[in-house]
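# Understanding the architecture of this molecule
Each chain is listed here by its residues.
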Amino acid sequence: MAEDAQLHPSGDPLLAAKFAVPVVPPAFVARKRLLDRLTEATQGPLTVITGPAGAGKTSLAASWQSEHLAPGPVVWLTLENDDHAPGVFWAYVLGAFRYHRVPLPDGVGSPSSADNVDHSLIVRLASALAELRGPVVLVLDGLEHTAAHDVAAELDFVLAHAGPQLRLVLLGRVDPALPLHRYRAEARICEIRGSELAFSPRETDRLLRCHGLQPSKESVTALTERTQGWAAGLRLCALAMQRTEDAEQFAQSFAASQNAVADYLMAEVLAVQPDTTQDLLIRTSILTHVHPELADALTGRADGELILGRLVRENAFVEPIGDTAWYRCHPLFAEVLRAHLRSRSPELGAPLHREAAHWLDRHDRLTDALEHAAAADAWTYAAGLLVDRLAAARLLTGPDSHRLERLFRAMPDGLPGTAPALAAAACALARGDTVASRKHLAGAGENGDATVESRLTGALLRLLTDGGAHRPAQEASDPGREVRVLMEQVDRDTLGRHPEIEALRRYGLARAHLGAGRRAEAREAFTAALAAATDEQTWTVRHHCLGALALTEAVDGMLCEAEAHAREGLQAADEHGIPVGHRTGLCHLALAAVASDRGDLTGAGRYLGAAVGSGAPTWDALGAAEAAVLRSRLELAHGRTAAALSELDDASVSAGGAPFAEGEAAGRVAVARSAVHLARGDPRAALGALRRAPRTGPAHAVASAAAHLAAGDTEQARRLLAALGDGEGDGAGDACPGVRVRALLVEAQAAAAEDDIAQAVALLGRALDTARPQQLRAPFTERGPWLRHLLARTPELADAHAWLSGRPAAADGRHGPGTAGASPAGPPLLVERLSRRELDVLRCAAQLMSTDEIAADLFLSVNTVKTHLKSVYRKLSVSRRSEAVRRARDAGLL
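Note that the structure is a prediction, hence the values are computed from the model and not measured.

The next point concerns the environment of Arg133. Positionally, Arg133 belongs in the loop between α5 (119–130) and β3 (136–141). Accessibility expressed as a relative area gives 86% for Arg133, which makes it exposed. Spatially, the C-alpha atom of Arg133 lies 7.4 Å from that of Gln165, the residues being 32 residues apart in sequence.

Turning our attention to the environment of Ala642. Relative to the assigned elements, Ala642 resides in helix α34 (residues 641–649). Between the C-alpha atoms of Ala642 and Ser632, which are 10 residues apart in sequence, the distance is 9.5 Å.

Moving on, we come to helix α10 (residues 217–227). Among the residues of α10, those classed as buried are Ser219, Val220, Leu223, Thr224 and Thr227. One face of α10 carries all of its buried residues, which in axial projection span an arc of 125 degrees. Turned more than 90 degrees from where α10 packs its buried face, Lys217, Glu218 and Glu225 sit exposed. In the core, the buried residues of α10 are packed alongside α9 (201–210), α11 (231–243), α12 (247–252) and α17 (331–344). Just downstream of α10 lies Gln228, where phi reads positive at about 55 degrees.

This next bit is on the sheet that holds strand β1 (residues 46–50). Pairing within the open sheet is parallel, and its 5 strands lie in the order β2-β3-β4-β1-β5. Only two strands of the sheet have a single neighbouring strand rather than two, namely β2 (74–78) and β5 (189–192). Averaged over all adjacent pairs, the angle separating strand axes in this sheet is 15 degrees, with direction ignored. Note: β2 against β3, 5 bridges, orientation parallel. Bridge pairing in β3 links Val74 to Val137. On top of the sheet, helix α2 (residues 32–41) reaches β1 and β5; it is set at about 160 degrees to β5, its chief contact.

According to the stated counting rule, one finds 9 aromatic pairs in the structure shown. Summarising the aromatic geometry, the rings of Phe19 and Tyr99 are spaced 5.4 Å apart at their centres and angled 40 degrees between planes, so their arrangement reads as tilted. Residue Phe19 is located in the loop between α1 (2–5) and α2, and its partner Tyr99 is located in helix α4 (residues 86–99); the two are separated by 80 residues in the primary sequence. According to the relative accessible area criterion, Tyr99 is partly exposed, its value standing at 33%. Considering the side-chain rings of Trp326 and Trp359, the 6.1 Å spacing of their centres and the 75 degrees angle between planes classify their relative orientation as edge-to-face.

About the criteria used
Residues numbered from 1 in each chain as written. Predicted model: local features only at pLDDT ≥ 70, side-chain atom pairs only at ≥ 80, totals over all residues. Heavy atoms only, no water. Helix = DSSP H or I, 4+ residues; strand = E, 2+ residues; numbered from the N terminus. Buried < 20%, exposed > 50% of the residue type's maximum accessible area, 1.4 Å probe, protein only. Arc of directions from axis to C-beta. Contact = heavy atoms within 4.5 Å. Pairing = 2+ DSSP bridges. Axes fitted to C-alpha atoms, helices over the stretch in contact; angles between N-to-C directions. Phe/Tyr/Trp six-rings, centres within 6.5 Å; stacked < 30°, edge-to-face > 60°.

Bear in mind that shape data such as this cannot, by itself, settle questions of function.
Right under this line is the structure:
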């Protein structure tokens, strides 16, 4: 070592510790991909490994050396701040060669001054290295400490003239001052960056297991994402997890500010920065993304761009965001900075958030501005921004809807002013609480001096909440008029930036028409809303439109159209990533209605369960009523009439629902209730149910006609049907397929009751022709035994409509338009419904019980069981027990 000491320009001994290869830490994870990369890299003259503090640069090189993967001897030198002078630097380089016993000729010499070196020394060194007989790897760790231009130029000279045996490996947080562009152009450099050093989830798992832990997949994922694979952070977490009693809980709720990671980042990253840089980092820690101008606004200086650019170059846990002017901090570093701000300067938080909100609003980043206004507890300002910028509708639709709704859910109740009330109303409507929305809208009032943006926001929310109810009478037929007039008063460019307003206006108008029983206008308006909902901001309203349109069509018997729109709505929700809480259950409800009307009871039950499981229907009293009607129909199909009535009793058509929808919803429930009473043979109760409900259109009239016919009042039934039209003009003839088919069947039943078989068959034929394109089976299964007898007397009619019985369609062979996708052999038609006792017998038969066993189990006589079985065979059009069971299962009866 005495010989080494003579090489130092100052005469002091060289520090041998700088030559020692660092010890590989315990529980170190050797990553083969990086070792192989380094081995391959050292086949060339220059390797540069850069990354932030704690990225694992030194550990990688040290483990590579300990694995003896280098192409020759490794000469290691760890540089420090005091080594930036050229004379000191080259003295240590020469000392490293001597320490690691790589002989150099005696004539190389040593620096005589700390501040500079004679160029001849550099020439002699390069010449000596050129004479090496084999490869030698020179590792310079911490090169950022010797950023002097002179040292870099001399190092470049040595590398250029040392010949192929010198392999230089540079480790540091920043790029060396060498002309890297030239090395890249000559393909003489290999660069390993921080992103390559980051741990993958699999490597994180290995690291944790090396520390004696047994992490779950969720913990591994959480830690890797939180640290972004930062080696030091993961190792510190592993050590902390070893000391905690619940390592899994630590991994899931890891808080950087409460463990050693924070100390590391504070000491190694923040504390080494100048005061102005520390101030900028701490003040901008309130942001997720930092723009240099926004940083200047928060610091009151003009050095944001300079500082952020330097932090990026120094790998100081700040990185640019793509090709934009924005930057972001490593999430752990940002968390540490925020904790520092809260603990050291809590009084700065609110003013910084307010300043950020104003800057972001001026630069059209409204959602970010609102979040900072909320963080500053400036709720009145936030609500004002939301309304004045016409953004309240974006709580209901668009990619930021979930974020905005969650934000304004925290707004305190009772804030004075119109804007807070409108914001609260929009927030309530977004989560489907129309009662609360209506209450907030009432609190907002109508201020004649309010801005047009405020009045437009209020009008749109009222239209969506109650369909324009309580508005002037002249608007009854045009509920969206007020919104449309106000839209014409808004600046065109401003309105162009909010396509969701027009889409929501049309959607609200459609719902208002639907609630008023104007179903054809509703379908037309929903279609128009879909045409307006093609922008990213309107994806959610498009999904809701498709669901509402599909359910409307399903109720009207337009099953093919309903199925297509419902499936498109479900696909749109998945494709556009609409949050589950903002989806509608109407798509599944429409599919349930389609399946029910086609006789697929199993499918109907499955879709109905999906609709209920989705948390929907929301916003929609009609949807809630239709769900109850479908549940009732399924119970009725299984012969459980009491349960069918109970489902309707439980239907809430007004609580929480919009008043405009109550009439239509009550009407739908009343029609379903009358069907149950008719199935029980109680036409008087059926008529009573219909009389107590509002008359909501042709469906109500047809149900009343059916009830009067069952009560023996054929003339009244005919008068009701005649009022609908005869197919040549207005009324049932122009009504939707569902109403038309049911009206024709009631007329056919009346004719059959009067023994006018020819007329009955003619009407039945028209009903079948109308129903076939949609595969609409339910209206036929709802009828009584008269229909089965009529079909039995007209086998040619039954053969022409094989689709009705579920037989193969070869004889039919004529699918009407719009039947694509419909099964040619759908579920079997039950012309006559099985009684409850027949179903009990059939269930026992399905369990392979003998006739005697069924009789004993059901406390019936054997002859009674045989009678029930014969009846079942007849109704199911089968001749054997096994066939009856199979067909009943196909129909969803078992």
